[in-house]
Amino acid sequence: MSYQDVYNGWKNDPEAFWMQAADAIDWDTPPSQALFDKGDHMYEWFSDAKVNTCWNAVDRHVEAGRGEQTAIIHDSPITHSKREISYVELRNRVASLAGALRAKGVEKGDRVIIYMPMIPEALEAMLACARLGAIHSVVFGGFASNELAVRIDDAKPKAIIAASCGLEPGRVVHYKPLLDGAIDLATHKPDFCVIFQREQEVAQLIEGRDFNWHGFQYGVEPAECVPVEGNHPAYILYTSGTTGQPKGVVRHTAGHLVALNWTMKNVFNVDPGDVFWAASDVGWVVGHSYITYAPLIHGNTTIVFEGKPVGTPDAGTFWRVISEHQVKTFFTAPTAFRAVKREDPQGEFVKKYDMSCMEQVFLAGERADPDTIIWAQDQLQKPIIDHWWQTELGYPAICNPVGIELLPVKLGSPSLPMPGYDMKVLDEGGNELPPGELGAIVSKLPLPPGTLPTLWNAEDRFKKSYLTNFPGYYETGDAGMIDEDGYVYIMARTDDVINVAGHRLSTGGMEEVLAGHPDVAECAVIGVADQLKGQMPVGFLCLNAGADRDHGEVVKEVVKLVREKIGPVAAFKLAVVVDRLPKTRSGKILRGTMVSIADGTEWKMPATIDDPVILDEITVALQSIGYATS
Ligand code: COA
Ligand code: AMP
């Protein structure tokens, strides 16, 4: 079947399409129908089914006689260690951990926060929650205490599972003090914490609150899989929005299972038993979907990689892992390839490894610039597939579905919508734009299974953020166009979200931190173009009258403040002090114009600008830090 056949098959009968995809899942009670229309543009999928995610990701493969197959390969160039876990071992380890959590009172519907680095235990913690029907919320290790505290207060977890430390090149990330700090800051307190002690740093436990990962499993009954309703939340994953308060994306259980399983063959072209590697982090949606859940649900071997594309130890690490573990499909972010390309433009490391096992490479998380794609094609001689999706959607929405058919690649476009997505480009008034014209990218409702049904405890925010501007459509927050062949081009965000090294960050959140500095009267943060990371945040600070401070000192302090409050992942290193910010006459800061000046791209003087002279000052300030030079 061609892509067009599959897509039309879905479009003609979505209900039949998703019910057929659901056949690949082991149900305790099969769904009687796929879509449940809740009214007011709210939808759910497979709500009347009963199912367990952990059963589908782990136990069923053991029952089917594949227990000895490797489920997880941990490859950590940072600790110089490698380890394999078979499906049967994984089942036993997860059942034991789930049993211990249950013995401490964790039950279906309870929230559990997971704050762990790239170790198999992070996946085991997620699966143990799934086994019990507990709702996990994984927090990325690059976030600091304050961000963790915000998530604790929103999710109100009964338990927090953490590791003693994470490892960045040349630096131990002290998770436990960060966790303790977060619990101190948060109003909600978990009943208990479980700490996985790593040998690189053994953390001090707080008597009565903290339990040792191994110790607390001693002598407990392993837990069986608890069937949950199809619309039971499998997890909450917080992602950046316009403000510092992150959005808690909810994922329902059944749709998640059906959709992820469908993508493994149709999009990523792997069969059960094949090795699949997503070089991301469990703290991001890519890690949830394509390190933990999809490969395991589909019976693949997944790789948990604790390292970086460069420097651990060199720019050949990716190629070593691919050849050593026989990876068939590899998934990474363009920024990682840019980092490798910078160190090894001629691909000297590529030549050292036999990568004949690898059939295709997928890139996502940010725009894949044509230079990077061409470089990767030249080096690897394999299809390099750009594909687009978001935390909210959970799996590829615009893609070149290699498992169905390798479509002609158009550089700069992630290709065509997947079944489930009817994408349009609309103008501000909600009118559909013709091919080639730039506007807001939206998808007709309902969204397919596995996408967000709502935001945790924030249904109004869900509706306001995604459903209100363009009634009947899901608003992606991205701007772009569709060409005459239906290929979608993603150009920019329409909100204050920026993308730094494939990490989604809120400039609004950073502005809230800067505004908290006692000398800062007003501020703005923009994302400027960066050759390696795609974008980098730059802060503009207007100081309080009478703040007679050395500007360099204030900049240092705000850089430190963002690192402390949001975390190192914000990569906030650049700020300048200016007298005033450019604004419209109604007081809106002209961030877009500032970005164009910084990037040296064409821009027009906004008709509504209050005082054009301020832009000269902005230009000089940007030049002082190496931008606005062309
Ligand atoms: N825990 C703690 N700190 C972390 C972290 C984690 N899990 N991940 C990143 N950080 C820290 C880094 O150590 C760095 O700290 P520093 O300021 O002390 O150097 C900071 O956060 C910024 O990290 P990053 O923006 O990733 O920059 P980098 O220089 O460390 O690495 C790349 C650059 C391009 C190599 C790296 O960003 C990369 O591999 N990106 C791929 C991204 C990806 O897979 N995204 C997932 C979406 S698909
Ligand atoms: P996240 O929710 O972290 O996955 O980030 C999603 C956002 O990243 C999207 O809304 C886009 O702005 C951007 N993005 C992800 N993949 C791509 C891609 N292939 N091309 C362009 N932008 C992308």
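Structure first, text after, so check above.
Given the structure is predicted, the values throughout are model-derived calculations rather than measurements.

S.K.: Residues and numbers for empty space enclosed by the protein, please.
M.R.: Scanning the entire structure with this criterion turns up four cavities of 30 Å³ or more. In terms of lining residues, the largest cavity is bounded by 18 residues, among which Tyr43, Leu447, Thr451, Leu452 and Pro453 are the most central. Elements with a minimum of two residues in the lining of the largest cavity: β2 (42–45) and α13 (459–467). With four residues, the top contributor of residues to the lining of the largest cavity is β2. Looking at the lining of the largest cavity residue by residue, the class counts come to twelve nonpolar, five polar and one charged.

S.K.: Now, about the site of ligand 1: what can you tell me, with residues and values included?
M.R.: Residues in close proximity to ligand 1 total 24 residues, the closest being Glu168, Arg171, Lys533, Arg563 and Lys573. Backbone polar atom of Ala279 to an oxygen atom of ligand 1: 3.3 Å apart, as the coordinates give it. Backbone polar atom of Pro568 to an oxygen atom of ligand 1: 3.4 Å apart, as the coordinates give it.

S.K.: Residue-level account of the site of ligand 2, with values.
M.R.: The full set close to ligand 2 counts 14 residues, and Asp386, His387, Thr391, Arg493 and Arg504 are the nearest of them. At 2.8 Å from a nitrogen atom of ligand 2 is found a side-chain nitrogen or oxygen belonging to Asp386. The separation between an oxygen atom of ligand 2 and a polar side-chain atom of Asp478 is 2.9 Å. Tallied by class, residues from the shell around ligand 2 come to three nonpolar, five polar and six charged.

S.K.: Lay out the sheet that holds strand β5 (residues 81–86) in plain terms, naming residues and giving numbers.
M.R.: If you walk across this open sheet you meet the seven strands as β5-β4-β17-β16-β18-β19-β20, and the pairing is mixed. Strand pairing shows two members of the sheet lacking a second neighbour, β5 and β20 (384–386), which therefore form its edges. Each adjacent strand pair in this sheet contributes to an overall mean axis angle of 20°, direction not counted. Taken together, the six bridges between strand β4 (residues 70–76) and β5 define a ladder with antiparallel strand orientation. Each residue of the ladder has a partner; that of Ile72, found in β5, is Ile85.

S.K.: I'd like to hear about the packing of helix α8 (residues 253–266) against helix α9 (residues 285–297), residue by residue, with values.
M.R.: As a packed pair, α8 and α9 sit with axes 8 Å apart at the nearest point and diverge in direction by 85°. When the axis of α8 is compared with that of α9, the two are roughly perpendicular. Here His256, Leu257, Leu260, Asn261, Thr263 and Met264 of α8 come into contact with α9, specifically with Ser289, Tyr290, Tyr293, Ala294, Pro295 and Ile297. A per-class count over the contact of α8 with α9 returns eight nonpolar, four polar and no charged.

S.K.: Can you tell me about the pattern of salt bridges, naming the residues and giving the values?
M.R.: Counted by the stated rule, this structure contains 40 salt bridges. The salt bridge involving Glu121 is made with Arg93; its shortest N-O contact spans 3.2 Å. Note that Glu121 is positioned in helix α5 (residues 120–132) and Arg93 in helix α4 (residues 87–103), a separation of 28 residues in sequence. Taking relative accessible area as the criterion, Glu121 reaches 3% and is therefore assigned buried. Among the ionic pairs, Asp485 bridges to Lys410, the shortest N-O distance being 2.6 Å. Of the two residues, Asp485 is situated in the loop between β25 (473–482) and β26 (488–493) and Lys410 in the loop between β21 (398–399) and β22 (416–417); the sequence distance between them amounts to 75 residues. The exposure class of Asp485 is partly exposed, given its relative accessible area of 49%.

Cut-offs applied
- Residues numbered from 1 in each chain as written.
- Chains lettered and ligands numbered in written order.
- Predicted model: local features only at pLDDT ≥ 70, side-chain atom pairs only at ≥ 80, totals over all residues.
- Heavy atoms only, no water.
- 1 Å grid on protein atoms, 1.4 Å probe; cavity = no way out; pocket = protein on both sides within 12 Å on 5 of 7 lines; lining within 4 Å.
- Points joined across faces, edges and corners; volume = space filled by probe spheres on them.
- Helix = DSSP H or I, 4+ residues; strand = E, 2+ residues; numbered from the N terminus.
- Nonpolar A, V, L, I, M, F, W, Y, C, P; charged D, E, K, R; others polar.
- Near = heavy atom within 4 Å.
- Polar contact = N/O pair within 3.5 Å; in protein donor to acceptor, adjacent residues only side chain to side chain.
- Pairing = 2+ DSSP bridges.
- Axes fitted to C-alpha atoms, helices over the stretch in contact; angles between N-to-C directions.
- Parallel < 35°, antiparallel > 145°, perpendicular 65-115°, else oblique.
- Contact = heavy atoms within 4.5 Å.
- Salt bridge = Lys/Arg side-chain N within 4 Å of Asp/Glu carboxyl O.
- Buried < 20%, exposed > 50% of the residue type's maximum accessible area, 1.4 Å probe, protein only.

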